[in-house]
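Listed below are the residues making up each chain.
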Amino acid sequence: MQIIPAKTPGFVKTLFPNFVWNIATDNKELYLTFDDGPTPEITDWVLQTLKPYKAKATFFCIGNNIEKHPEIFKNIIAEGHTIGNHTYNHLKGWKHKTKNYIKDTERNQALINSKFANHDSSIETIFRPPYGKFKTKQSKKLQELGYKIVLWDILSYDWDKSVSEETCLKNVTSTAKEGSIIVFHDSVKASRNLKYALPKVLEYYHEKGYVFKAL
Ligand SMILES: [Zn+2]
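Residues numbered from 1 in each chain as written. Predicted model: local features only at pLDDT ≥ 70, side-chain atom pairs only at ≥ 80, totals over all residues. Heavy atoms only, no water.

*Asks:* For this particular structure, what's the right way to read the packing of helix α2 (residues 42–50) against helix α8 (residues 191–207)?
*Replies:* Each pair of packed helices can be described by the angle between their axes along with the distance between the axes. Orientation of α2 relative to α8, taken along the N-to-C sense of each, is 10°, at an axis distance of 10 Å. By the angle class used here, α2 and α8 are roughly parallel. Each of Ile42, Trp45, Val46, Thr49 and Leu50 in α2 lies in contact with α8, whose residues at this interface are Ser191, Leu194, Lys195, Leu198, Pro199 and Leu202. (Axes fitted to C-alpha atoms, helices over the stretch in contact; angles between N-to-C directions. Helix = DSSP H or I, 4+ residues; strand = E, 2+ residues; numbered from the N terminus. Parallel < 35°, antiparallel > 145°, perpendicular 65-115°, else oblique. Contact = heavy atoms within 4.5 Å.)

Take a look at the structure:
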């Protein structure tokens, strides 16, 4: 069941103006994001699926998965996509002390930075909280540390097995517009819906003249 709406309501965005919900633009561009990887098979499938459309995307990676699958992580970078931080252990913010939450996030960022040959410390670090939830204290601290916090405009609900492939696709195609930030997951749980919806989303918007950009 879709408890959180697929499309983020405007009032929610106004409540948290310091977070990035979508990109303000009139250009035909969309921002695909993939959370929870790198994951064997699925992440490489995503990369191959994006390629013919020259689509760039943003991957909010879990540190533990980067550590387990460094080759896949390298492939994401090699394809020119953007890497975002999604904590090291996919923490639920409200269950953890701010100190530990920040430590876990910084651990992941250090790992991400170490994978770039010439890491420039002035590069913007972007962060998406797992489950889209964290304490105000945690978000404030992360912003102080220079993280840009990215939520979303559209949730595909790809991870939810009670959501059909068609509904997952429609969650995106019925609501995406110029500058939308769209959430998918390169995870095992999401793979059924993702494998159905992603190629169709790419084709649908490509035909309408849209380009897919990384944050
Ligand atoms: Zn996640």
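*Asks:* What am I meant to see in the pairing of strand β3 (residues 82–85) here?
*Replies:* Along any regular strand the residues' side chains alternate between the sheet's two faces. Burial along β3 is two-sided: the residues Thr82 and Gly84 and Ile83 and Asn85 are all buried. Bridging between strand β2 (residues 58–61) and β3 involves four bridges; their strand directions are parallel. Along β3, the bridge assignment pairs Phe59 with Ile83. (Buried < 20%, exposed > 50% of the residue type's maximum accessible area, 1.4 Å probe, protein only. Pairing = 2+ DSSP bridges.)

*Asks:* Explanation requested: unusual backbone geometry in the structure shown.
*Replies:* Residues apart from glycine generally show negative phi values, whereas peptide bonds are mostly found in trans. Note that the residue after Gly37, namely Pro38, is joined by a cis bond; omega there is -5°. Following the sequence through the fold, Pro38 ends up in the loop between β1 (29–35) and α2. At Asp36, a position not held by glycine, the phi torsion is positive, near 85°. Along the chain, Asp36 turns up in the loop between β1 and α2.

*Asks:* Can you walk me through helix α7 (residues 165–173) in this structure?
*Replies:* Count 3.6 residues to each turn of an α-helix, and residues three or four apart come out pointing the same way. Taken as a whole, α7 has its buried residues at Cys168, Leu169, Asn171, Val172 and Thr173. Against β6 (154–155), β7 (181–185) and α8 lie the buried residues of α7.

*Asks:* How should I be thinking about the packing of aromatic side chains in this particular structure?
*Replies:* A complete count under the given rule lists eleven aromatic pairs for this structure. Each ring, one from Phe34 and one from Phe59, has its centre 5.1 Å from the other, and the planes form 25°; the classification is stacked. Taken together, the residues span a long stretch of sequence, with Phe34 in strand β1 and Phe59 in strand β2 at a distance of 25 residues. The exposure classification of Phe34 matches that of Phe59, with both residues buried. A ring pair is formed by Phe34 and Phe184, whose centres lie 5.9 Å apart and whose planes are at 20°; its orientation type is stacked. Remark: Phe184 occurs in strand β7 and Phe34 occurs in strand β1; sequence separation between them is 150 residues. (Phe/Tyr/Trp six-rings, centres within 6.5 Å; stacked < 30°, edge-to-face > 60°.)

*Asks:* In this structure, what is going on with the nonpolar core? I would like to understand it.
*Replies:* Side chains of nonpolar character tend, in soluble globular proteins, to be buried together. The biggest cluster of nonpolar side chains holds 56 residues, and the ones touching the most others in it are Leu32, Phe34, Leu50, Phe59 and Phe184. With residues near it in sequence (within four places) discarded, Leu50 still touches Leu32, Phe34, Ala55, Ala57, Phe59, His81 and Leu202. (Core = buried A, V, L, I, M, F, W, Y, C linked by side-chain atoms within 4.5 Å.)

*Asks:* What should I look at first to understand the pattern of salt bridges in this one?
*Replies:* Think of it this way: side chains of opposite charge can pair up when their charged atoms draw near. All told, the structure shown has nine salt bridges when counted by the stated rule. Between Lys7 and Asp153 there is a salt bridge whose closest N-O contact spans 3.3 Å. Here Lys7 is found in the segment before α1 (10–15), whereas its partner Asp153 is found in the loop between β5 (147–149) and β6, with 146 residues between them in sequence. Linking Lys74 and Glu71 is a salt bridge whose minimum nitrogen-to-oxygen distance equals 3.7 Å. Of this pair, Lys74 and Glu71 both sit in helix α4 (residues 70–78), three residues apart, roughly one helical turn. Residue classification places Lys74 among the partly exposed positions, given a relative accessible area of 49%. In this structure, a network of salt bridges that share partners links the residues Lys7, Lys13 and Asp153. (Salt bridge = Lys/Arg side-chain N within 4 Å of Asp/Glu carboxyl O.)

*Asks:* So what exactly am I meant to see when it comes to the side chain of His86 here?
*Replies:* By the secondary structure assignment, His86 is in the loop between β3 and α5 (98–114). Residue His86 is classed as buried on the basis of its relative accessible area, which comes to 2%. At a separation of 3.2 Å, a polar atom in the side chain of His86 contacts the side chain of His90. (Polar contact = N/O pair within 3.5 Å; in protein donor to acceptor, adjacent residues only side chain to side chain.)

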